[in-house]
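As a plain string of letters, each chain reads:
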Amino acid sequence: MDTIDRLLGEADQAWRGYGVGSADRAALAADLRLDLRAAAADGGDPAQLIGGDVAGFARRLADEADVRRVRGDYGRILGAALLGALLGAVLGYGLLMAAYPVFVNLVDIPRSIKVPIQLAVAVYYGVPGAVVTAGAVIAVRTQLRELPRIRRTARMMAVLVPVAGIIITPITVGFAWSTGYSLAPPVVVAEIAMVLAALAGATVLARRLSLREGRTPSDTSHPDATRVRPA
């Protein structure tokens, strides 16, 4: 069974790279598992049934099953997200500078009116973060509207990008603290790289999760969601 599981794992990776959806991958894997078990029950080697090229066999199996393929287009989505985030960062920085006097007033507000410092800090940093997230999501949604399931991807990004920001912020602040809040170019570049890595990771995860979801009529009718014809 270890051999069968290994072969199925390699086949699943090939189907993922080939753009086969999760439902079709599950159906293909179930059929292939039955064939491999039958071969093993007859005393044969399951690996010989597939041959040396597991990925090629998996792709041919998908073609013969006439499954629908959906492109990931991770590169294009990442590019659009990073561009939108950059524009959002510029706008967010402007808002940050404009809000600075208000932030100071909130901190120095009379004692008769108690405003938690945590709330002031959350607003001060949350507004630019929200603008950056909005920039990335809007850029992906509007610039890549022709891609299948892009609306799902944008919705997933709207959830995952803020979560990534919440996670990476204390990490980045901790790194800055460990360097004495140095403004040396290598330190600044490292901090920017951390933030960009968090954004990229959230974007890729959003796309992967959107492609795992079930089919919709709009996905089926989309020109880029073509069906693969049998070889």
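Residues numbered from 1 in each chain as written. Predicted model: local features only at pLDDT ≥ 70, side-chain atom pairs only at ≥ 80, totals over all residues. Heavy atoms only, no water.

> Where do I start with the packing of helix α1 (residues 2–17) against helix α4 (residues 54–64) in this structure?
Each pair of packed helices can be summarised by the angle the axes make with each other and by the distance between the axes. For the pair α1 and α4, interaxial distance at closest approach is 8 Å and the crossing angle is 65°. Handedness of the crossing formed by α1 with α4: right-handed. In this structure, α1 contributes L7, E10, A11, A14 and W15 to the contact, and α4 contributes V54, A55, A58, R59, L61 and A62. Within the contact of α1 with α4, the residues separate by chemical class into 9 nonpolar, no polar and 2 charged. (Axes fitted to C-alpha atoms, helices over the stretch in contact; angles between N-to-C directions. Helix = DSSP H or I, 4+ residues; strand = E, 2+ residues; numbered from the N terminus. Left-handed = near helix turned anticlockwise from the far one by under 90°. Contact = heavy atoms within 4.5 Å. Nonpolar A, V, L, I, M, F, W, Y, C, P; charged D, E, K, R; others polar.)

> It is not clear to me how α1 should be interpreted in this structure. Could you clarify?
The end-to-end C-alpha separation of α1 is 23 Å, in line with the 22 Å expected for 16 residues at 1.5 Å each. Considered for burial, the residues of α1 that qualify are I4, L7, L8, A11, A14 and W15. Buried positions in α1, seen along its axis, are confined to an arc of 120° and lie on one side of it. In α1, the exposed residues that point more than 90 degrees away from the buried face are D2, Q13 and G17. Looking at the buried side of α1, the elements it contacts are α2 (22–41), α3 (46–50) and α4. (Expected span 1.5 Å × (residues − 1). Buried < 20%, exposed > 50% of the residue type's maximum accessible area, 1.4 Å probe, protein only. Arc of directions from axis to C-beta.)

> Can you help me understand the packing of helix α7 (residues 150–178) against helix α8 (residues 185–212) in this one?
One way to put it is that α7 packs onto α8 with a least axis distance of 7 Å and a crossing angle of 150°. Comparing their axes, α8 and α7 come out roughly antiparallel. Seen along the crossing, α7 lies across α8 with a hand that is right-handed. For the contact of α7 with α8, the class distribution of residues is 19 nonpolar, 4 polar and 3 charged. (Parallel < 35°, antiparallel > 145°, perpendicular 65-115°, else oblique.)

> In this structure, what is going on with the nonpolar core? I would like to understand it.
Across soluble globular proteins, nonpolar side chains have a tendency to be buried as a group. Counting residues in hydrophobic clusters, the biggest one holds 20 residues, and the most contacted among them are I77, A136, V140, L144, I150 and M157. At the level of elements, α5 (74–107), α6 (117–143), α7 and α8 are the ones that each hand at least two residues to this core. Residues contacting M157, with those up to four places away along its chain left out, are A81, A136, V137, V140, P162, T203 and A206. (Core = buried A, V, L, I, M, F, W, Y, C linked by side-chain atoms within 4.5 Å.)

> Looking at this structure, how should I read unusual backbone geometry?
Generally, phi is negative for residues other than glycine and the peptide bonds are trans, each holding for most cases. One non-glycine residue, R149, adopts positive backbone phi at about 65°. Locating R149 in the fold gives a position in the loop between α6 and α7. Even without being glycine, Y181 reaches a positive phi, approximately 55°. For Y181, the location among the structural elements is in the loop between α7 and α8.

> Before we go on, may I ask you to explain α2 in this structure?
Within an α-helix, residues lying three or four positions from one another point in the same direction, as the helix has 3.6 residues per turn. Taking 1.5 Å as the rise per residue, α2 with 20 residues should run 28 Å; its terminal C-alpha atoms sit 28 Å apart, in good agreement. Burial in α2 covers these residues: D24, R25, L28, L32, L36 and A39. Angularly, the buried residues of α2 cover 90° about the axis, an arc narrow enough to put them on a single face. Along α2, the residues that are exposed and aim more than 90 degrees away from the buried face are A23, L34 and A41.

> Sorry if this is basic, but what is going on with the pattern of salt bridges here?
If the charged atoms of two oppositely charged side chains come close together, the side chains can form a pair. If you walk through the whole model with that rule in mind, you get 4 salt bridges. Between D12 and R25 there is a salt bridge, with the nearest N and O atoms lying 3.2 Å from each other. With a gap of 13 residues between them, D12 in helix α1 and R25 in helix α2 connect regions that are remote in the sequence. In this structure R25 comes out as buried when scored by relative accessible area, which is 9%. (Salt bridge = Lys/Arg side-chain N within 4 Å of Asp/Glu carboxyl O.)

> I tried to follow the confidence of the model for the protein chain on my own but got confused; where do I start?
The predicted coordinates of low-pLDDT regions are not to be read in fine detail. Scored by pLDDT, the protein chain has a mean of 79; 79% of the residues are at 70 or more. Mean pLDDT across the elements of the protein chain bottoms out in helix α9 (residues 217–221) (39) and peaks in α7 (90). Across residues 214–231, where pLDDT falls below 50, the model places 41 contacts with residues more than four positions away in sequence or in other chains. (pLDDT = per-residue confidence, 0-100.)

> I would appreciate a short explanation of the side chain of R207 in the present structure.
Tracing the chain through its elements places R207 in helix α8. Of the side chains with opposite charge, D73 comes closest to the buried, unpaired R207, at an N-O distance of 4.9 Å. Setting aside chain neighbours within four positions, we find R207 in contact with R71, G72, Y74, I77, L147, P148, R149, I150 and T153. (Lys, Arg positive; Asp, Glu negative; His and termini not counted.)

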